[in-house]
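# Understanding the architecture of this molecule
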Amino acid sequence: MMKNMTKEEMMNELGVAGEKIIINMLSELGCKIESSINKYDNQKDLFVDGKYKVEVKTQAPFFILNSFTFTPSQLNKCRSVDSLYFISVPHP
């Protein structure tokens, strides 16, 4: 029997799934991937080929504006990485 997850737990699981998609994609391209050990790493989600910082955002887009967003606290992190990936998931 599956327990009911909190919103925070669901968001965390969604983020982990998005990172796995990017890890698989980059691995298939022959990249060496290091995942951040700290889930609250304010620098990156992944380190690719020993030199590229990567951030992955997994979310449903806002249909009104056909866009993605993130909290202001994530802005510096998103601006400082070498690659930023957005994973679009179906809107609930």
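Parameters and conventions
- Residues numbered from 1 in each chain as written.
- Predicted model: local features only at pLDDT ≥ 70, side-chain atom pairs only at ≥ 80, totals over all residues.
- Heavy atoms only, no water.
- Core = buried A, V, L, I, M, F, W, Y, C linked by side-chain atoms within 4.5 Å.
- Buried < 20%, exposed > 50% of the residue type's maximum accessible area, 1.4 Å probe, protein only.
- Helix = DSSP H or I, 4+ residues; strand = E, 2+ residues; numbered from the N terminus.
- Contact = heavy atoms within 4.5 Å.
- Phe/Tyr/Trp six-rings, centres within 6.5 Å; stacked < 30°, edge-to-face > 60°.

Another point: the nonpolar core. Core analysis: the biggest nonpolar cluster contains seven residues, these being I22, L26, L46, V48, V54, V56 and I87. Contributions of two or more residues to this core are made by α1 (7-28), β2 (46-48) and β3 (52-59). Filtering out sequence-adjacent residues up to four positions away, V54 remains in contact with K44, D45, L46, V48, V81, S83 and Y85.

A separate point is the packing of aromatic side chains. All chains considered together, the criterion is met by one aromatic pair. Taking the centre distance of 6.5 Å and the plane angle of 20° together, the rings of F70 and F86 count as stacked. A residue pair is termed long-range when its members are at least 10 positions apart, and F70 in the loop between β3 and α2 (75-80) and F86 in strand β4 (residues 83-88) qualify at 16 residues. Taking relative accessible area as the criterion, F70 reaches 29% and is therefore assigned partly exposed.

Along the chain, I87 turns up in strand β4. Residue I87 is classed as buried on the basis of its relative accessible area of 11%. Measuring from C-alpha to C-alpha, the distance between I87 and Q59 comes to 6.3 Å, with 28 residues separating the pair along the chain. With near-sequence residues (within four places) excluded, I87 lies in contact with G18, I21, I22, V56, K57, T58, Q59 and F68.

With respect to the helices and strands, K77 occurs in helix α2. Dropping the residues within four chain positions of it, K77 is found in contact with D41, N42, Q43, K44, D45 and E55.

The next thing to look at is the environment of S83. Among the secondary structure elements, S83 is positioned in strand β4. Considered as a pair, S83 and F68 are 15 residues apart in the sequence and their alpha carbons are 16 Å apart. Beyond its immediate sequence surroundings of up to four residues, S83 is in contact with K53, V54 and E55.

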